[in-house]
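Each chain, written out:
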Amino acid sequence: MPGIIGKKIGMTSLFTADGKYTPVTLIQAGPCVVTQVKTVENDGYAAVQIGYGDKKLKRVTKAEAGHYQKANTAPKKKVAEFDVEGVSYSLGDTVDATLFEEGEFVDVVGTSKGKGFQGVVKRHNFAGVGGQTHGQHNRARHPGSIGACSWPSRVFKGMRMAGRMGGNRVKIQNLTVLRIIAERNLIVVSGSVPGARNSYVLIEK
């Protein structure tokens, strides 16, 4: 399996074997259940769909309930699909934190925290117009000019302005798996992971 669904628990820090004080993120990786196996013959490509986190039966449609019933499992809160080549899985198989090994590198995909409507200083790291001299008044964090007048008589597409910030899909690559706590399905990865606490993430090998 090239990846797994997890939940971000939070951040802490620890000392590595060589004595470095390292910030780390705890992720509950699984257990995930195989809810669908896609084949080249039936679907045109080979993939495995896995689900994580049980959901009440009354909160799903009859079509979804039947889908999970085929795998003989409860409805899932989060579902993801991973491409697989040459690896066979069956409906109802379980994937957990033992998929990973200490010392290997993983990529983590999550949804960044939403910041709402933000100005150019916070959103694009603008320095602002400047100090309070030369007749400046109430424009320290303003964007400044956004284009010329007679030509091109318009604002170019892609101009960096204020707007909605955060809430995007973000992938952090090459995080090191420092520890695996198999009995609790926890993995400890170096550095930070996008998203709030208890948000779902995808861990890719």
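Here the structure is a predicted model, which means the values were calculated and not measured.

Caption draft 1: Layout of the nonpolar core. Grouped together as the largest cluster of nonpolar side chains are 28 residues, with contacts concentrated most on I4, I27, I50, V106, I187, V189 and I203. Two domains each provide a minimum of three residues to this core, namely domain 1 (1–29 + 99–114 + 167–204) and domain 2 (31–95).

Caption draft 2: Structural detail: the side chain of S199. Summarising the element assignment, S199 is placed in the loop between β11 (186–190) and β12 (200–204). You can call S199 buried: its relative accessible area is 19%. At 2.6 Å, the side chain of S199 and the backbone oxygen of A196 are in polar contact. The residues touching S199, leaving out its near neighbours within four places in the chain, are G6, K7, K8 and P194.

Caption draft 3: Structural view of the sheet that holds strand β10 (residues 169–181). Judged by pairing direction, the barrel is antiparallel, and its six strands sit side by side in the order β1-β2-β11-β10-β7-β12 before closing back on the first. Neighbour to neighbour, the strand axes of the sheet diverge by 50° on average, direction disregarded. Sheet topology places strand β2 (residues 21–29) next to β11; five bridges connect them, and they run antiparallel. Opposite V24, over in β11, you have S190 as the bridge partner.

Caption draft 4: Region of interest: the packing of aromatic side chains. Scanning the model with the defined rule gives three aromatic pairs in all. Both rings, one in F15 and one in Y21, keep their centres 4.9 Å apart while their planes meet at 50°; by these two values the pair is tilted. Measuring from centroid to centroid gives 6.4 Å for W151 and F156, while their planes differ by 70°, and the two rings are edge-to-face. For F156, a relative accessible area of 39% puts it in the partly exposed group.

Caption draft 5: Structural detail: the pairing of strand β1 (residues 3–15). In terms of strand pairing, β1 meets β12 through five bridges, oriented antiparallel. Directly across from G6, in β12, lies its bridge partner V201. The turn linking β1 back onto β2 is made up of five residues, and G19 within it adopts a positive phi angle of 90°.

Caption draft 6: Focus on the pattern of salt bridges. In the structure shown here, the tally under the stated rule is three salt bridges. The residue K38 makes a salt bridge to E81 at a minimum N-O spacing of 2.9 Å. On the criterion of sequence distance, the pair formed by K38 in strand β3 (residues 32–38) and E81 in strand β5 (residues 76–83) is long-range, its members being 43 residues apart. Residue E81 is classed as partly exposed on the basis of its relative accessible area, which comes to 35%.

Caption draft 7: A nonpolar patch on the surface, seen in detail. Where nonpolar side chains cluster on the molecular surface, the patch consists of I146, W151, V155, F156, M159 and M161 and spans about 560 Å² of accessible area. Its place among the elements puts V155 in the loop between α3 (120–124) and β9 (163–165). With relative accessibility at 37%, the residue V155 sits in the partly exposed group.

Caption draft 8: Region of interest: the sheet that holds strand β4 (residues 47–54). Reading across from one edge, β5-β4-β3-β6 is the order of the four strands in this open sheet, with antiparallel pairing throughout. The two strands at the open ends of the sheet, each matched to only one other strand, are β5 and β6 (94–95). Here two bridges tie β3 to β6, and the two strands are oriented antiparallel to one another. Bridge pairing links V33 to T94 in β6.

Caption draft 9: Spatial organisation of the domain arrangement of the chain. Split into domains, the chain comes out as domain 1 (1–29 + 99–114 + 167–204), domain 2 (31–95) and domain 3 (117–143). Taking only C-alpha atoms into account, the centre of domain 1 sits 23 Å from that of domain 2. Taken together, both faces of the contact between domain 1 and domain 2 bury some 1200 Å²; the carbon and sulfur share is 78%. In terms of surface lost to domain 2, no three residues of domain 1 exceed M1, I5 and Y200, which account for 55% of the buried area on that side. The interface formed by domain 1 and domain 2 contains zero salt bridges. Linking domain 1 to domain 2 there are one residue pair in polar contact (both at pLDDT 80 or more). Counting residues per element, the ones that place at least two in the side of domain 1 that touches domain 2 are β1, β2 and β12.

About the thresholds
Residues numbered from 1 in each chain as written. Predicted model: local features only at pLDDT ≥ 70, side-chain atom pairs only at ≥ 80, totals over all residues. Heavy atoms only, no water. Core = buried A, V, L, I, M, F, W, Y, C linked by side-chain atoms within 4.5 Å. Buried < 20%, exposed > 50% of the residue type's maximum accessible area, 1.4 Å probe, protein only. Domains from an automatic or database assignment. Helix = DSSP H or I, 4+ residues; strand = E, 2+ residues; numbered from the N terminus. Polar contact = N/O pair within 3.5 Å; in protein donor to acceptor, adjacent residues only side chain to side chain. Contact = heavy atoms within 4.5 Å. Pairing = 2+ DSSP bridges. Axes fitted to C-alpha atoms, helices over the stretch in contact; angles between N-to-C directions. Phe/Tyr/Trp six-rings, centres within 6.5 Å; stacked < 30°, edge-to-face > 60°. Salt bridge = Lys/Arg side-chain N within 4 Å of Asp/Glu carboxyl O. Patch = residues over 30% accessible without salt bridge, like charges linked within 9 Å, V, L, I, M, F, W, Y side chains within 5 Å. Areas by Shrake-Rupley, 256 points an atom, 1.4 Å probe, with all protein chains shown as cover. Buried area = accessible area lost by both parts, 1.4 Å probe.

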